[in-house]
Amino acid sequence: MDSTPSRAARQRRALASLLAALALGLNALTTAQAQDNYPSRPIRVVVPYPAGGNTDIIARDVMKDLSVRLGQPIVIDNKPGANSILGTEVVAKAAPDGYTLLVVIGAYANNEALYRNLPYKASDLAPVSQLTRTSLVLVSARPGLRTLDDLVKSGRDPAAPQSFASSGVGSAAHLLGERLARSTGMKGAMHVPYKGTADATADLVSGRVGFMFDAISAMGAQIRQGKLAALAVTGQARSPQLPDVPSMSELGHPELVSYAWAGVMAPARTPAPVVQKLSAELAQVLQGAELRAKLQSISTETVGSTPAEFGRFIAQEAKVNGDLIRQLNLTLD
């Protein structure tokens, strides 16, 4: 019996193949048109920190201007909790269509080393752009500690080791304090973690702890009032807000140059044209004179970067801080 398909069967298969190809082509065309028209509806930006904090302020200022450029509303959705993990998980599991974005700071890069069981993987998110960077300031209220050299000499005394405060284990202030102690030979420097900056600052001003790194905007009032001495800023150059305070770089400690930073991520598999458009539009927003002046008032510089540049930056941050976190055997779960 001849098993060769009949002419009619061959025609049916050919027609089916043609229809499938047309459907794929139509779907690709529809997707391309959607990307070309992006955005066509409001965008949600998840900020995994409380409203009113520095990260929230930066996000709202930047997204207000981005909304104007894109011609669509941008809604800030504050989802604080678990060192930013709760909000990050929401975006990691969101539809990869460019309508749900995430604002991240240094904690995002550190969490992979601090937590063994994160509810998402780094590969679940894609970098869009670095937004800002902010110098920190090293401060002390103890008598006789008015320069970095004063602090280092005091901290090398094994009979009276220095203590330093931070807003929590694994925070930027904690890791910077550890790096300072290791770099300068301040053996025995004791970390004292607090649940937040307010309590840490109170004990710092009273002299119960020896030193702390924090945002210039947070420490500015106490510095101006003479309650705290500013020993150094962590940026490459001096801060316009503290022009008389030397930078770590000019003090001979380039290894301690560091910034708090913020950036934007999208769910992985968000179409590349959408990510590129967001990155390009953010770059324009971050060049705005009014925005730059407003952020400079809280000692923050605008950056703007390509997705690839931001990805490399995060990887470097995760490696440097992750290595230190593992050396210190820090864990938060």
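Peer 1: Please provide a residue-by-residue account of the packing of aromatic side chains, values included.
Peer 2: What the rule picks out here adds up to five aromatic pairs. Between Phe164 and Phe211 the ring centres are 5.2 Å apart and the planes differ by 20 degrees, which places this aromatic pair in the stacked class. In this pair, Phe164 sits in strand S5 (residues 163–166) while Phe211 sits in strand S7 (residues 211–215), placing the two residues 47 residues apart along the sequence. Seen in terms of ring centroids, Trp261 and Phe310 are 5.9 Å apart; in terms of plane orientation they differ by 85 degrees. Their pairing is edge-to-face. Of this pair, Trp261 sits in strand S9 (residues 259–267) while Phe310 sits in helix H11 (residues 307–327), and the two are 49 residues apart along the sequence. Taken together, the ring pairs in this structure connect Trp261, Phe310 and Phe313 into an aromatic cluster. A cation sits over an aromatic face here: Arg41 above Tyr99, 3.7 Å from the ring centre. Seen from the ring of Tyr259, Arg133 lies directly overhead, with NZ or CZ sitting 4.1 Å from the centre.

Peer 1: Got a sec to walk through unusual backbone geometry? Specific residues and values, please.
Peer 2: Residue Pro39 is bonded to the preceding Tyr38 through a cis peptide linkage, with omega at -5 degrees. Relative to the helices and strands, Pro39 is located in the loop between helix H1 (7–36) and strand S1 (43–47). For Ser84, which is not a glycine, the phi torsion comes out positive at approximately 85 degrees. Mapping Ser84 onto the fold places it in the loop between strand S2 (74–78) and helix H3 (85–92). When its relative accessible area of 3% is taken as the criterion, Ser84 is described as buried.

Peer 1: Account for the pattern of salt bridges, with residues named and values stated.
Peer 2: Working definition: two side chains of opposite charge can pair if their charged atoms are close together. Under the definition given, this model contains 14 salt bridges. Asp77 is the partner of Lys79 in a salt bridge, and the nearest nitrogen-oxygen pair spans 3.8 Å. By relative accessible area, which is 18% here, Asp77 ends up buried. Residue Asp333 pairs with Arg116 through a salt bridge whose shortest N-O separation is 3.4 Å. Of the two residues, Asp333 sits in the segment after H11 while Arg116 sits in the loop between helix H4 (106–114) and strand S4 (125–140), which places them 217 residues apart along the sequence. A cluster of three or more residues bridged by salt bridges with shared partners is formed by Arg44, Asp77 and Lys79.

Peer 1: Describe in detail the packing of helix H6 (residues 172–184) against H11, supporting the description with residues and values.
Peer 2: For the pair H6 and H11, interaxial distance at closest approach is 11 Å and the crossing angle is 75 degrees. Viewed along their axes, H6 and H11 adopt a mutual orientation that is roughly perpendicular. Across the interface between the two elements, Leu175, Glu178, Arg179 and Arg182 of H6 pack against Asn321, Leu324, Ile325 and Gln327 of H11.

Peer 1: Go over helix H5 (residues 148–155), please, and point to the residues and values.
Peer 2: Along H5, the positions that sit buried rather than exposed are Leu148, Leu151, Val152 and Gly155. Buried positions in H5, seen along its axis, are confined to an arc of 95 degrees and lie on one side of it. Summarising the geometry of H5, the exposed residues directed more than 90 degrees from the buried face are Asp149 and Lys153.

Peer 1: I'd love a proper account of the layout of surface pockets, names of residues and values included.
Peer 2: If you add up the space inside the largest pocket, you get close to 1,400 Å³. Lining the largest pocket are 50 residues, and of these Ile105, Ser167, Ser171, Ala172 and Ala260 lie nearest its centre. For the lining of the largest pocket, the secondary-structure elements that each account for two or more residues are helix H2 (54–70), H4, S4, H6, S7, S9 and H11. Taken together, the residues that form the lining of the largest pocket break down as 24 nonpolar, 20 polar and six charged.

Cut-offs and rules
Residues numbered from 1 in each chain as written. Predicted model: local features only at pLDDT ≥ 70, side-chain atom pairs only at ≥ 80, totals over all residues. Heavy atoms only, no water. Phe/Tyr/Trp six-rings, centres within 6.5 Å; stacked < 30°, edge-to-face > 60°. Helix = DSSP H or I, 4+ residues; strand = E, 2+ residues; numbered from the N terminus. Lys NZ or Arg CZ within 6 Å of the ring centre and 35° of its normal. Buried < 20%, exposed > 50% of the residue type's maximum accessible area, 1.4 Å probe, protein only. Salt bridge = Lys/Arg side-chain N within 4 Å of Asp/Glu carboxyl O. Axes fitted to C-alpha atoms, helices over the stretch in contact; angles between N-to-C directions. Parallel < 35°, antiparallel > 145°, perpendicular 65-115°, else oblique. Contact = heavy atoms within 4.5 Å. Arc of directions from axis to C-beta. 1 Å grid on protein atoms, 1.4 Å probe; cavity = no way out; pocket = protein on both sides within 12 Å on 5 of 7 lines; lining within 4 Å. Points joined across faces, edges and corners; volume = space filled by probe spheres on them. Nonpolar A, V, L, I, M, F, W, Y, C, P; charged D, E, K, R; others polar.

Treat this as a map of the structure, not an account of what it does.
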